[in-house]
Amino acid sequence: MAAATLVVSLLMSGLTFWAVNTIQQDARVNDTRFGRDLGLLLAANVAPLVSENERSELAQFSHRFYGSTSSIRYILYADEDGDIFFGIPFSESEVQNSLTLQRRMQLPESYRRDLEQPMVRQHVTPDGEVTDVFVPLVQDSRYLGVLAIGINPNPTVVASSHLTRDVTIAVFVSIWVMVILGAVFNALTITQPIKELLVGVKNIAAGNFKQRIDLPLGGELGELILSFNEMAERLERYEEQNIEELTAEKAKLDTLVSTIADGAVLLDSEMRVVLTNPTACRILSWEDKVEVIGANVLHYLPESIKVELTRPLYQIATGRFSHTSLSREREGAEFRITMPEPPRRTVRVLLTTVLDQAKEHLKGIAITLQDITREVELNEAKSQFISNVSHELRTPLFNIKSFIETLHEYGEDLTEVERREFLDTANRETDRLTRLVNDVLDLSRLESNRRYRFEQVELIQPIEQILRTYQLNAKDKEIELLHEIQPELPSVLGNYDLLLQVFANLVGNALKFTKAGGQVAIRAYLVEEENPQTHSHVRVEVSDTGIGIDPDDQRAIFDRFFRVENRVHTLEGTGLGLSIVRNIVEKHHSMVHLISEVGIGTTFWFDLAIYKPEAPSFEALLSLDDGAKDDGAKPQEQDNSENASVANHAANRMILTTSPSNLSSEETD
């Protein structure tokens, strides 16, 4: 607006001054003509007077002529030498006194005496512009001097031009005063609110939704400011709601990330750690490294993982893959790494690219860590289990098939004794196969989540039943079968059938690996705890004077299909009996222990909880406890202090009637 005003004002002022200048030029032309005509008229009348030297007449005529018009400013007469001899308003006769003043007329250089026309010029004096007219005085072709007349400009034209000039200047000044006042008003009423609105919009864009504008304005600006404040209030309410929702979602996400079983590490495009969860810190041993966040992940990875991941991480971070390759990398970037660093474990590592919303630019890399150590161990155990079962099943099946084929093909050629011997062998192999299948089924059932009912059990009943079952077998092998049950022994909380199977497996193994003349004993007694807060329990022991178990084999004695190979392989077994015992005892919330010495004997013992009618049943706890117990831990690896505490007691009770020299090397099931 100021620029437009300036252009318009300059244009109008220029036009006005051009018009004034044109008028003044025309006035000068008119003044020139008027002065020339007036000079010629006056010169024609005074030339005879000057020629005759009638100066009095000349003075009178000149005064009358000067007084008759206001257009003449001065009249001067000079002789042929240029000396002024008369002038109005100056006259020599009027100023003569004791000091005589002599003046001369300095004619312009362009003045010539022989000019037929007067010379006219204009000049500016302190009193204004004057038109000078120089007329030669000539009489009878004789040059008498020069007449100089000063003509005032036309007063009407001068007043008009001055008025126009003053009005133009006044208008120009007024316009700019109005422009300045308008700018001030604009700054106070429009520009300042707009600046405030601009600052408010910038603050809103920066996320400061508490921004408000408080200006007492009306009209459209007032409505605009009111609408802006309402918008800011709504945005603030939305922000509060969104912050609460985002906080809740972030809390959910943090909880989810921190509680998932897999390790999670999030990297930015520069491979700096942005986020990690406790599982990842545990797997990567970052628990005490708080400086991991914000650092390059390659500086803190274990060496075994760093060797495998450095190349693919750099390839993804530097964009060496195309977007399609990145997708393939996201789907197929899986690594299985064995970490030799203690504790030794096997880890599955998944690399996933994090792209922007348009899926064009890499924003980060997600690393998922899965500890598959248990899975690998279970797969190895599964493979070993299948291999052992296949081997154990193949042997009796082969024997059965061989003897039956022999009977089928050569039955008529065999004697009755040979046929009966073949049938007995096939029957024994069938029994062996049946035992193996039953043991596998029992172990599978025990390791499943099957629920068992636990109730009050009098231990004397399953113990006596086992003694009756194995009495004939012990008598045939000339082994003394003993039992030592504490009088008035309290009842225990357990499952009768499962406890019966435990006693059967332990007593059967003891009889199998005890030579003739040896002893097998079952004991049950109450154990009082020194700590009053710990409940008393019943301890059960099965001792024998058999071949014993080497300390190196005691760690694996409870594993499935494990059998101790002795100097002579004479006894058969599935290798599942003690594994079944361990699982049953763990179902009773206890642990089975052993004390053994090669050539002297072995004692297996475990504790059972005393039955209390008001106590909760184990049945409600089994589903939670089975997973914790069945973790592959060896009972022998438990605290040896408890084993030591019962070692002396069991050793004192151990029946030592067989000399080590009389023992034969056998296989332990």
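Calculation criteria
Residues numbered from 1 in each chain as written. Predicted model: local features only at pLDDT ≥ 70, side-chain atom pairs only at ≥ 80, totals over all residues. Heavy atoms only, no water. Pairing = 2+ DSSP bridges. Helix = DSSP H or I, 4+ residues; strand = E, 2+ residues; numbered from the N terminus. Axes fitted to C-alpha atoms, helices over the stretch in contact; angles between N-to-C directions. Patch = residues over 30% accessible without salt bridge, like charges linked within 9 Å, V, L, I, M, F, W, Y side chains within 5 Å. Areas by Shrake-Rupley, 256 points an atom, 1.4 Å probe, with all protein chains shown as cover. Salt bridge = Lys/Arg side-chain N within 4 Å of Asp/Glu carboxyl O. Buried < 20%, exposed > 50% of the residue type's maximum accessible area, 1.4 Å probe, protein only. Core = buried A, V, L, I, M, F, W, Y, C linked by side-chain atoms within 4.5 Å. Parallel < 35°, antiparallel > 145°, perpendicular 65-115°, else oblique. Left-handed = near helix turned anticlockwise from the far one by under 90°. Contact = heavy atoms within 4.5 Å. Nonpolar A, V, L, I, M, F, W, Y, C, P; charged D, E, K, R; others polar.

A. Layout of the sheet that holds strand β6 (residues 263-268). A sheet is described by the order of its strands in space; here 5 strands give the open sequence β7-β6-β10-β9-β8, paired in antiparallel fashion. Looking at the sheet topology across the chains shown, the edges are occupied by β7 (273-276) and β8 (334-339). If you compare each strand with its neighbour and ignore which way they point, the axes differ by 25° on average. Here β6 pairs with β7 via 3 bridges, running antiparallel. Paired with Leu267 across the strands is Val273, a residue of β7.

B. Main features of a nonpolar patch on the surface. Residues Phe17, Ile169, Val173, Val177 and Leu181 make up a contiguous nonpolar surface patch of roughly 430 Å² in combined accessible area. Tallying contributions element by element places helix α4 (residues 155-205) first for the nonpolar patch, with 4 residues. Summarising the element assignment, Leu181 is placed in helix α4. Under the relative-accessibility criterion, Leu181 is labelled exposed at 54%.

C. Structural view of the nonpolar core. Core analysis: the largest hydrophobic core is formed by 45 residues, its most contacted members being Leu459, Phe503, Leu506, Val507, Phe604 and Phe606. Examining the composition of this core, we find that 10 residues originate from one element, helix α12 (residues 496-512), more than from any other. Core analysis: the next-biggest nonpolar cluster, separate from the first, contains 27 residues, Ile283, Trp286, Leu301 and Met339 among them.

D. Spatial organisation of the packing of helix α1 (residues 2-52) against helix α2 (residues 55-67). Following both chains from N to C, one finds α1 and α2 inclined at 160°, their axes separated by 9 Å at the closest point. As the angle between them shows, α1 and α2 are arranged roughly antiparallel. Considering the relative orientation of α1 and α2, their crossing is right-handed. Residues Leu38, Leu42, Asn45, Val46, Leu49 and Val50 of α1 form the contact with α2, whose participating residues are Glu57, Leu58, Phe61 and Phe65. Across the contact of α1 with α2, the residue classes break down as 8 nonpolar, 1 polar and 1 charged.

E. Looking closely at the pattern of salt bridges. Under the criterion given, the structure shown has 13 salt bridges. With a closest N to O distance of 2.7 Å, Arg539 and Asp607 form a salt bridge. Placement of Arg539 in strand β15 (residues 537-544) and of Asp607 in strand β17 (residues 601-609) is noted, with a sequence separation of 68 residues between them. By relative accessible area, Asp607 is classed as buried at 11%. Members of the salt-bridge network, linked through shared partners, are Glu334, Arg348 and Glu375.

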